[in-house]
Amino acid sequence: MSLDAIDFERLASDGIRGLRAYDPGHDLVALRHRFGAQGLLELGSNENPYGPSPRVRDVVLAALDSLHIYPDPLGGELKRALATKHGVAMDCILLGNGSHELLMQFAQVFSGPGSDVVAAQYGFSVYALAAQAAGARFVAAPALPRDHAMPRGHDLDAIAAAIAPSTRLVYLANPNNPTGTWFDRDALAGFLQRTPADVLVVIDEAYAELADAPDYASALSMLDRHPNLIITRTFSKAYALAGLRIGYAVAHPGLVAVMERVRESFNVNSVGLAAAAAALADEAYLQATSAYNARERDALADALRQRGIFVYPSQTNFLLAEFGPRSIELERELVVRGVVLRPMAGYGLAECLRISVGDAAGNKRLLQALDEVL
Ligand SMILES: *Cc1c(COP(=O)(O)O)cnc(C)c1O
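What counts as what
- Residues numbered from 1 in each chain as written.
- Predicted model: local features only at pLDDT ≥ 70, side-chain atom pairs only at ≥ 80, totals over all residues.
- Heavy atoms only, no water.
- UniProt positions renumbered as here; feature names shortened; annotations may be inferred.
- Helix = DSSP H or I, 4+ residues; strand = E, 2+ residues; numbered from the N terminus.
- Salt bridge = Lys/Arg side-chain N within 4 Å of Asp/Glu carboxyl O.
- Near = heavy atom within 4 Å.
- Polar contact = N/O pair within 3.5 Å; in protein donor to acceptor, adjacent residues only side chain to side chain.
- Areas by Shrake-Rupley, 256 points an atom, 1.4 Å probe, with all protein chains shown as cover.
- Nonpolar A, V, L, I, M, F, W, Y, C, P; charged D, E, K, R; others polar.
- Pairing = 2+ DSSP bridges.
- Contact = heavy atoms within 4.5 Å.
- Axes fitted to C-alpha atoms, helices over the stretch in contact; angles between N-to-C directions.

## Concerning the UniProt feature "domain: Aminotransferase class I/classII large" (unreviewed entry) in the protein chain
Argument step 1. When the UniProt feature table is mapped onto this chain, "domain: Aminotransferase class I/classII large" (unreviewed entry) is found at residues 40–370.
Argument step 2. For residues 40–370, helix accounts for 37% and strand for 17%, while the C-alpha atoms at its two ends are 15 Å apart.

Right, here's the structure in full:
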């Protein structure tokens, strides 16, 4: 038999066979090469334009002297700092190679063939991937309507209604990517009240540190009352450490103990552990850069709205904006000008583009490029 004759698709497990890999957008390395010194304006991946706390640099350099030894498999120093920050015991913290890794593993551990995983329409794409890779059935509850105050945001009533006896896991992002929308404390508390105790609820708070709306509330304060809650956070967004891949979950110690069984022993690297601890300790820097983000986000939203573009409300570091039927063509024309946004056709939002909020200079350049192509 020739090597070509192997049907690898057939050899894959049932869940994997129908899957499509996560779409990371453009080949950025190729584009960076093409735009060289002139520079590429990368507003497609919700990265933090301000970079991490200056304290991170020193600890990263120091960590380079220990690259020949394995990282601390317990991540003790970082876990202790996170536990103190959130007012929980250390055994409530689970570290991941980015929160993406943890989101995948929750489905692997707690769902599977014959069970359901529920999330929202226009929820983060990783949830469907996680469910299907685990062989579970993925159920998307309809989003709020486009003309709602929280357009296409999570409809917690619809999500509650989608929970069946076969449901093991629910994924909600608050605030959500790609819509930028959020739900308030009362909606979350009411939802948790109605959710059966043996259905695990993952609240993905990747953007929580950037949220400043008075009605936004983290689920962390509800963990005491709801041991079926799992809160995920990341150092990739507000802390600007996307390249080092550090995420974490806060959950009941019993749940963390079960998850520890599938965790790869050295899933979090030593440079990342040191950097995350240093970034976490610099609260003033986090507050300052988050305030810059909020200011730039609101200014960019205003500028887009002045151009007649519908912009979704956002508590994150990106904006979902509707450009209509031309959006796909527009996105391509912007790439030609060295400006990368994220097309949304994969989410069923072909008329929208997702724009990461840049710094003041970046947003100015974006608006200039937009004015050329609009
Ligand atoms: C960016 C993002 C994450 C994942 O980030 P990691 O870099 O894997 O920690 C998780 N959830 C949402 C909603 C995100 O936008």
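The rest of the description comes next.
## Points about the pattern of salt bridges
Argument step 1. Tallied over the entire structure, the rule returns 18 salt bridges.
Argument step 2. The closest approach of N and O atoms between R194 and D157, which form a salt bridge, is 3.1 Å. Of the two residues, R194 is situated in helix α9 (residues 185–194) and D157 in helix α8 (residues 156–162); the sequence distance between them amounts to 37 residues.
Argument step 3. The salt bridge involving D371 is made with R307; its shortest N-O contact spans 2.7 Å. With a gap of 64 residues between them, D371 in helix α14 (residues 360–373) and R307 in the loop between α12 (283–306) and β9 (310–311) connect regions that are remote in the sequence.

## Focus: the site of the ligand
Argument step 1. Contacts to the ligand come from G98, S99, H100, F124, N177, D204, A206, Y207, T234, S236, K237 and R245.
Argument step 2. D204 is positioned such that a nitrogen or oxygen atom in its side chain is 2.6 Å from a nitrogen atom of the ligand.
Argument step 3. Here an oxygen atom of the ligand and a side-chain polar atom of R245 are 2.7 Å apart.
Argument step 4. Bound to the protein, the ligand loses 92% of the 390 Å² it would expose on its own.
Argument step 5. Of the residues contributing to the shell around the ligand, the split by class is three nonpolar, six polar and three charged.

## Focus: the sheet that holds strand β13 (residues 352–356)
Argument step 1. Read from one edge of the open sheet, four strands run β9-β10-β13-β12, paired in antiparallel fashion. For this open sheet the edge positions go to β9 and β12 (342–343), each flanked by a neighbour on one side alone.
Argument step 2. Direction of pairing for β9 relative to strand β10 (residues 318–322): antiparallel, over a ladder of two bridges. Across the sheet, F310 pairs through a bridge with E322, a residue of β10.
Argument step 3. Contacts from α12 reach β9, β10 and β13 within the one sheet, and its direction differs from that of β10 by about 10 degrees.

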